[in-house]
Amino acid sequence: MKKCVKCSQKAVVHLPHHRLALCKEHYVEWFENRVEKTIRSFRMFSEEDRVLVAVSGGKDSLGVWHALWKLGYIADGLHINLGIGDYSELSERKTRAFAERIGRELHVISLREHIADIPTLKDLQDRPACSVCGTLKRYYMNHTAKKLGYSVVITGHNLDDECAVLMGNVLSWNLDYMARQYPVLEEGKGFVRKVKPLCLITEKESALYAFLSNIDFVEDECPYALGASSIDYKLVMASIEEKSPGTKLRFYSEFIRKVRPMLVAKQDVKLNACRVCGEPTTGDVCSVCRLKMKLQAQKVS
Ligand code: AMP
Ligand code: FES
Ligand code: ZN
Ligand code: ZN
């Protein structure tokens, strides 16, 4: 039986890549310290910022909100109801219940009221549902945060998510996307700052924190996530990690430290304000306004 390295009680967690065995209480403490350290070392936000956590109802975003609350940060929540049947209803319900538990304000918006639900938009496009959904989530996180006067949006992206994105970008050598992959996306040009305090925490560590903190989260994946290539990349990374603990952390953090600085210098993306809604876009009209126009045209015909 392994013992906690802090208190010698029975360990419930063994983290081989950190060479750590911890009891429940010290694991929770370790996790929250790691979140705090990540926020500080990447200078994600300060006391003056008004902070909004984008919460899906899953373990990562509820977990990061919980950790911030335990650490004494004042952060409100934003939930976007995507209109995906029972999955979205359950997500909203669990998110609302959690906000009540920690006594923080939660803003809820519905895609159906702003544009249309994901199943409708999926039928309108050739792209996979997840890619339209990703665009809309980013748009409404930014738009809502600005409208409500928040300066920072926090998401629950974890190390496994970041490794999967990095692997996808490396496999196609997409240097522009690689240059933009960083846990802090600075404000400016119509964007509020976006940060990822769980970027150095694995999915397993995050699930365990949620479990040990009694967080009631949605366990099911979105029904449209099946077949996404990010799932394959996560499986590949998991099997390498199994044989060689620490691979994920090294892959991501060494990219951030050594490779990304070389790529950033070459980046030059021009952004304009969308002619219709004013949100930032590389073109003349942003992709969300173009979607709205397409929906309108379909209704008329
Ligand atoms: P995903 O793209 O589903 O892996 O989610 C990544 C992050 O985006 C989550 O950790 C949340 O912070 C945020 N997010 C995802 N879905 C929603 C949603 N429906 N409402 C608010 N935030 C969300
Ligand atoms: Fe948006 Fe799956 S389509 S979460
Ligand atoms: Zn202990
Ligand atoms: Zn627009």
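Residues numbered from 1 in each chain as written. Chains lettered and ligands numbered in written order. Predicted model: local features only at pLDDT ≥ 70, side-chain atom pairs only at ≥ 80, totals over all residues. Heavy atoms only, no water.

Mind showing me how you'd approach the site of ligand 1 here?
Around ligand 1, the surrounding shell holds 13 residues, and the nearest of these are A54, I80, T155, G156 and H157. Interatomic distance of 3.4 Å between a side-chain N/O atom of K137 and a nitrogen atom of ligand 1. G156 has a polar backbone atom sitting 2.9 Å from an oxygen atom of ligand 1. Relative to its free-state accessible area of 480 Å², ligand 1 is covered by the protein chains to the extent of 76%. Of all elements in the fold, only β4 (75-81) and α6 (129-147) reach the threshold of two or more residues within the shell around ligand 1. Residue contributions to the shell around ligand 1 peak at three residues, all from β4. When the residues that make up the shell around ligand 1 are grouped by side-chain class, the tally is six nonpolar, six polar and one charged. (Near = heavy atom within 4 Å. Polar contact = N/O pair within 3.5 Å; in protein donor to acceptor, adjacent residues only side chain to side chain. Areas by Shrake-Rupley, 256 points an atom, 1.4 Å probe, with all protein chains shown as cover. Helix = DSSP H or I, 4+ residues; strand = E, 2+ residues; numbered from the N terminus. Nonpolar A, V, L, I, M, F, W, Y, C, P; charged D, E, K, R; others polar.)

Teacher, can you tell me more about the sheet that holds strand β3 (residues 51-54) here?
Backbone-to-backbone hydrogen bonds join strands into a sheet, with any given pair of strands oriented parallel or antiparallel. Read from one edge of the open sheet, six strands run β5-β4-β3-β6-β8-β7, paired in mixed fashion. In this open sheet, the two strands that pair with only one neighbour each are β5 (106-110) and β7 (184-185). One ladder, built from three bridges, connects strand β6 (residues 152-154) with strand β8 (residues 193-195); its direction is parallel. In the strand pairing of β8, V152 is matched with R193. Across the sheet, helix α3 (residues 85-102) touches β4 and β5, and the angle it forms with β4 is around 165°. Helix-sheet contacts for α6 involve β3, β4, β5, β6 and β8, and the interaxial angle to β4 is about 135°. (Pairing = 2+ DSSP bridges. Contact = heavy atoms within 4.5 Å. Axes fitted to C-alpha atoms, helices over the stretch in contact; angles between N-to-C directions.)

Would you mind going over the coordination of the zinc ion (ligand 3) with me for this structure?
Angles at a metal have ideal values that depend on geometry: 109.5 degrees with four tetrahedral donors, 90 or 180 degrees with six octahedral donors. In the first shell of the zinc ion (ligand 3), the protein supplies C4 (SG), C7 (SG), C23 (SG) and H26 (ND1), at 2.1 to 2.3 Å from the metal. Geometry at the zinc ion (ligand 3) is tetrahedral, judged from its four donor atoms and the angles of 99 to 115° they form at the metal. On the primary sequence, the residues serving as donors to the zinc ion (ligand 3) are separated as C-x2-C-x15-C-x2-H. Here C23 lies in the loop between β2 (20-22) and α1 (24-41) and C7 lies in the segment before β1 (13-15), a separation of 16 residues in the sequence. We classify C7 as partly exposed; its relative accessible area is 30%. With a relative accessible area of 7%, C23 lands in the buried category. (Donors = N, O, S within 2.8 Å, 3.2 Å for Na, K, Ca; no water. Tetrahedral: all angles 85-135°; square planar, octahedral: opposite > 155°, others 65-115°. Buried < 20%, exposed > 50% of the residue type's maximum accessible area, 1.4 Å probe, protein only.)

What exactly am I supposed to notice about the pattern of salt bridges here?
Oppositely charged side chains can pair when the atoms bearing their charge come close. Enumeration over the complete set of coordinates arrives at 19 salt bridges. We note a salt bridge from D60 to K59, for which the minimum N-O separation is 3.2 Å. The pair formed by D60 and K59 is uniform in burial state, with each residue classed as buried. In this structure, R275 and D284 form a salt bridge, with 2.9 Å as the shortest nitrogen-oxygen distance. In this structure R275 comes out as exposed when scored by relative accessible area, which is 60%. Among the ionic contacts, a cluster of salt bridges with common partners joins K59, D60, D161, E203 and K234. (Salt bridge = Lys/Arg side-chain N within 4 Å of Asp/Glu carboxyl O.)

Just distances and angles here, no functional claims.
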